[in-house]
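Tertiary structure, described
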Amino acid sequence: MILEVVMQQDIKPWYKQLWPWLLIAVPVFTALKAAHTVMLMQGNIPDMVVDDYYKEGQAINQRLALYREAELRNLDAKVLIAGNQIIIRFAQNDTLGEHMLLDFYHPTIANKDFNLTAERSGKLLYIATLPHSLQGNWRIAVTDNSKAWKLRANLVLPASQEIQLGY
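Residues numbered from 1 in each chain as written. Predicted model: local features only at pLDDT ≥ 70, side-chain atom pairs only at ≥ 80, totals over all residues. Heavy atoms only, no water.

1. A word on the sheet that holds strand β6 (residues 136–144)
- Read from one edge of the open sheet, eight strands run β7-β6-β3-β4-β5-β2-β1-β8, paired in antiparallel fashion. With one partner strand each, in any of the chains shown, β7 (151–157) and β8 (163–165) form the two edges of the open sheet. Strand after strand, the sheet turns through a mean of 30° between neighbouring axes, direction not considered. (Pairing = 2+ DSSP bridges. Helix = DSSP H or I, 4+ residues; strand = E, 2+ residues; numbered from the N terminus. Axes fitted to C-alpha atoms, helices over the stretch in contact; angles between N-to-C directions.)

Here it is in structure tokens:
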């Protein structure tokens, strides 16, 4: 009797059932996602590891000396990014030249770093045109042609207000 009931049921082969395919899909999806993640990481390798720590330490000390020099000169400036223009406004201009050198650094991807030259526009303003629209976190360093001092700031873009450049 039981055998007759089993024979009367329509038993499908395993590959026509839903549950085996759901169980197979989970590890397959996980493997595909892992391969996708590895491909993304290979394309965006962070440039944060330094081979020669001694040289890097000396360079850091030299940069700190440039920031101290800006503090001794009592330099005070703010930066504003409006569209594709960057405007640097100094509080006073005793000995500043006709150009300012701007270095933009991405915190983790070195191939996004770039440099600009800002031209004087009036007594206290310097203006430069950005090569492309900036988004996210950036660091900016400002110096003059003599490179005797340096000001810096961390930028979170887009920004609607002026950002103070510091030592």
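2. Some thoughts on the nonpolar core
- The biggest cluster of nonpolar side chains holds 28 residues, and the ones touching the most others in it are I86, L102 and F104.
- At the level of secondary structure, the elements contributing two or more residues to this core comprise β1 (77–82), β2 (85–90), β3 (99–105), β4 (114–120), β5 (125–129), β6 and β7.
- The element contributing the most residues to this core is β7, with four residues.
- The residues touching L102, leaving out its near neighbours within four places in the chain, are I86, I88, F114, N115, L116, A118, A128, A141 and V142. (Core = buried A, V, L, I, M, F, W, Y, C linked by side-chain atoms within 4.5 Å. Buried < 20%, exposed > 50% of the residue type's maximum accessible area, 1.4 Å probe, protein only. Contact = heavy atoms within 4.5 Å.)

3. Remarks on the pattern of salt bridges
- In this structure the tally under the stated criterion is three salt bridges.
- Of the charged contacts in the structure, one is a salt bridge between E162 and R89, with a shortest N-O distance of 2.6 Å. Remark: R89 occurs in strand β2 and E162 occurs in the loop between β7 and β8; sequence separation between them is 73 residues.
- Of the residues examined, E162 reaches a relative accessible area of 34% and is grouped as partly exposed.
- Between E98 and R120 there is a salt bridge, and its shortest N-O distance comes to 3.5 Å. Of this pair, E98 sits in the loop between β2 and β3 while R120 sits in strand β4; the two residues are 22 residues apart in sequence, bridging distant segments of the chain.
- Look at R120 and you get partly exposed, because its relative accessible area is 25%. (Salt bridge = Lys/Arg side-chain N within 4 Å of Asp/Glu carboxyl O.)

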